[in-house]
Amino acid sequence: MNVNSTGSTSYTNPYDAYKYYTRIGGLASGLDTDSIIQGLMSVEKQRYNKLYQQKQLLEWQRQDYMDIASAISSFKDYVFSLKLSSNFTKYKTTGEAVDGGYVSVTGTANALEGNYQIKVEQLATQANAVVSDLSSITKDSENKVNLKIDLTIGSSTVSKNITLVWNPTDSVDTFGANLAKEINSAFSSDKSLRAYYDATIHKLIISSQKTGSNVSFSVKDLNNNSQIASATGTDAIVYIKDSFNNESFISSSTNTINVYGMSITLNKTTVDSSNVAQYKSFSISKDVDAIVNNIKEFINKYNDLVSKIYSKITEKRNRDYLPLTEEQKSQMKDTDIQKWEEAAKKGLLYGDSILSSYLSNMRNYLYKQVTGLPSNLDTISEAGIETYSYFDSKEGKIYIKDESKLRDAIANNFDAFVKLFTNSGSDTTSVDDDGILQRFYNLANDTLKKIYDKAGKPYFTSSYDPNSSIGKQLRSIIDQMNAEQDRLKRVEDRYYKQFSQLESLMAQMSTQSSWLSQQFSSK
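We now turn to the structure provided with this report. (Residues numbered from 1 in each chain as written. Predicted model: local features only at pLDDT ≥ 70, side-chain atom pairs only at ≥ 80, totals over all residues. Heavy atoms only, no water.)

1. What to know about the sheet that holds strand 13 (residues 256-259)
In spatial order, the strands read 2-14-13; together these 3 strands make up an open sheet with antiparallel pairing. In the strand order of this sheet, the two ends are held by strand 2 (103-107) and strand 13, each with one partner. The mean angle between the axes of side-by-side strands here comes to 20°, regardless of whether they run parallel or antiparallel. For strand 2 and strand 14 (residues 262-266), the ladder comprises 5 bridges, and the chain directions are antiparallel. Bridged to Ser104 within strand 14 is Thr265. (Pairing = 2+ DSSP bridges. Helix = DSSP H or I, 4+ residues; strand = E, 2+ residues; numbered from the N terminus. Axes fitted to C-alpha atoms, helices over the stretch in contact; angles between N-to-C directions.)

Printed below as a string of C-alpha cells:
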C-alpha cells in the first residue's frame, strides 16, 4: 500500500496496512506470536515514522507559507486599489447643484478646486419610440409579418429583418409580446436595442441602449413599404462657469461630462417652473478628512501585515514536539493531541530568508527618498509618519506622529503628497522614483513569486506543487516511504515465516516427547 502524494496529513501504519489476513500462532509453543512480531516491527518502523514526521512538517510549513502569501496578496490588492488616483485622491462637493440632486461631481487627481455654476438645459436621451397601433402592421398571404429595423450609432448602421407569424386567433396583445421578444432576440448580442410590450396600455416601446443625437433607429413594414416607428436620441446641453465667471458650452452624447478635472454626472435639468434653465452653484475642494482616513487605514493594514510576518519569523521551534503518529495519538486525549500539534506547528518559518528580506525591504522602501519631489516632502517622515521605537514595537510598526503635519502636506502640497505615495517611476530598474505604494506593489509581486517557487502555487489546495522546492522534497520523502513500506512487508513476512518454522519444530518436539513418554510408561 503506497503513501499517497497529496497534501493529506493522514498516517498509514505500515504494519496494519500489510496485515491483511489472520495469522494464528503459538499453538505449539504457547507464545503470543502477534504481540512479539508487533514489538519487533515497532523497532523496524522507526525510520518510516521519521519519514512520516518529515512529510508532516513540510506540509505544515507549506500551509504556513500559503497563509502568509494570502496576507501579502491581500495587501498587494489593497495597495493596487489605493494607488489609483480616484481612490487615493478624495474631494468633497457642496452647493445647490449637488445638494439638489441636479448633478453628481467626482474629482480626479487633476481637479481644479473652486466655485462653479452649472446650467443643464437638456439631458442626453435614448432614441425612444412608442407604437400605439399594432393593428396597422400588415400580414402577407401566409399571415407573416415582415419588418426591417435599421439602428444607427454614429457612422455605423446595423440592419435586422424580422419575420413572425401573426395567427388570426392571436390577439393584438399576444402579437405585441411576440414581436417584442423577436426584436430583443435580434439584438441580443449587445442589447443595443430593446423592446417591451405593455399589455395594460396596449403599446410597444422600443428604446436604444445608448444616448445622444448620433443614435437613431427606424422600423419599416416590408409588406407595404411603410414606416411603423422611428426615433433619434438627444444630446445633453450644458453651460458651466468657473471661479472667474468664464462660461463654457458643452454638448455631450452622454450624461457624464469631464471638465476642469471633474467627472460630472447630469441627473436632471435645471429648468424652472417657467421652463427656463437656471444656473445652480457648487464648489469642490480636497476632502482632507477622507484622505487622512485613507492614510490611517493604510497604516493599519501595513502594521497588521508586518506584525503577522514578524511573529512567524521570530517564533522558535521546540524540537521536543514532533508530529504524532496514529499509534501515539491512540494513547492520548483529543485535547492533548490538539495542544501537542499546536506546539509542533510553531517555528516552521523561524528566520525564513524570504520573509525576513520582505520585511527589511518594506521598511527600507517606506523611508527611502522618492526622487523628483520637493525636498520638504520626498519622504514619509516629512508627512508626519514615523516608526515606533524598538521598545514600543519590535515589529517595526508605523504611526502618525504629527497629524497637523500630515494635514498641512495634503492641504498645501497636495501634488507632491500624492506622488509620494502613488508615483509610478519611469526607471524600471530602480525604485528611487516610485511612490511608496508602487514600491510595495512591486515588492509584493516579487516576494509572492519566491514563496510560490518555494512552497507551490496557491491553487494546489489538495496536493503539492511538484515544481516547487517543498514539492520536490515531499516527492522524495513519499518515494522513500513507499520503499520503506515494501521493506516492512518483507520483514514482517520473514518474522512470521521464522515463527512458523519455530512452531513446526516445537510441534515435532512435542510429538517425539509424547512418543518417548508412552514408550517408557509401557515398560
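Structure's up, so let's keep going.
2. Focus on the packing of aromatic side chains
Two aromatic rings are characterised by how far apart their centres lie and by the angle between their planes. For the coordinates displayed, the defined rule picks out 17 aromatic pairs. Taking the centre distance of 6.1 Å and the plane angle of 50° together, the rings of Phe75 and Phe440 count as tilted. Of this pair, Phe75 sits in helix 3 (residues 46-82) while Phe440 is found in helix 13 (residues 436-455), placing the two residues 365 residues apart along the sequence. Ring centres of Tyr116 and Tyr260 lie 5.3 Å apart, and the angle between their planes is 40°; on these two criteria the pair is classed as tilted. (Phe/Tyr/Trp six-rings, centres within 6.5 Å; stacked < 30°, edge-to-face > 60°.)

3. Here's the deal with helix 12 (residues 414-422)
Most of helix 12 sits out of view: 7 of its 9 residues are buried. Those residues of helix 12 that fall on the buried side of the exposure criterion are Phe414, Ala416, Phe417, Val418, Leu420, Phe421 and Thr422. (Buried < 20%, exposed > 50% of the residue type's maximum accessible area, 1.4 Å probe, protein only.)

4. Let's talk about helix 11 (residues 403-412)
For helix 11, every residue scored as buried is listed here: Leu406, Ala409 and Ile410. Along the long axis of helix 11, the arc covered by the buried residues comes to 95°, so they all point the same way. Residues Ser404 and Asn412 are exposed on helix 11 and point more than 90 degrees away from its buried face. Against the buried residues of helix 11 lie strand 15 (280-286), helix 7 (288-313), strand 17 (398-400) and helix 12. (Arc of directions from axis to C-beta. Contact = heavy atoms within 4.5 Å.)

5. Section: the packing of helix 7 against helix 12
Relative orientation of the contacting elements helix 7 and helix 12 amounts to 20°, with a least axis distance of 13 Å. In terms of orientation, helix 7 and helix 12 fall into the roughly parallel class. Where helix 7 crosses over helix 12, the handedness of that crossing is left-handed. Counted together, Ile291, Ile295 and Phe298 of helix 7 and Phe414, Phe417 and Phe421 of helix 12 form the full contact between these two elements. (Parallel < 35°, antiparallel > 145°, perpendicular 65-115°, else oblique. Left-handed = near helix turned anticlockwise from the far one by under 90°.)

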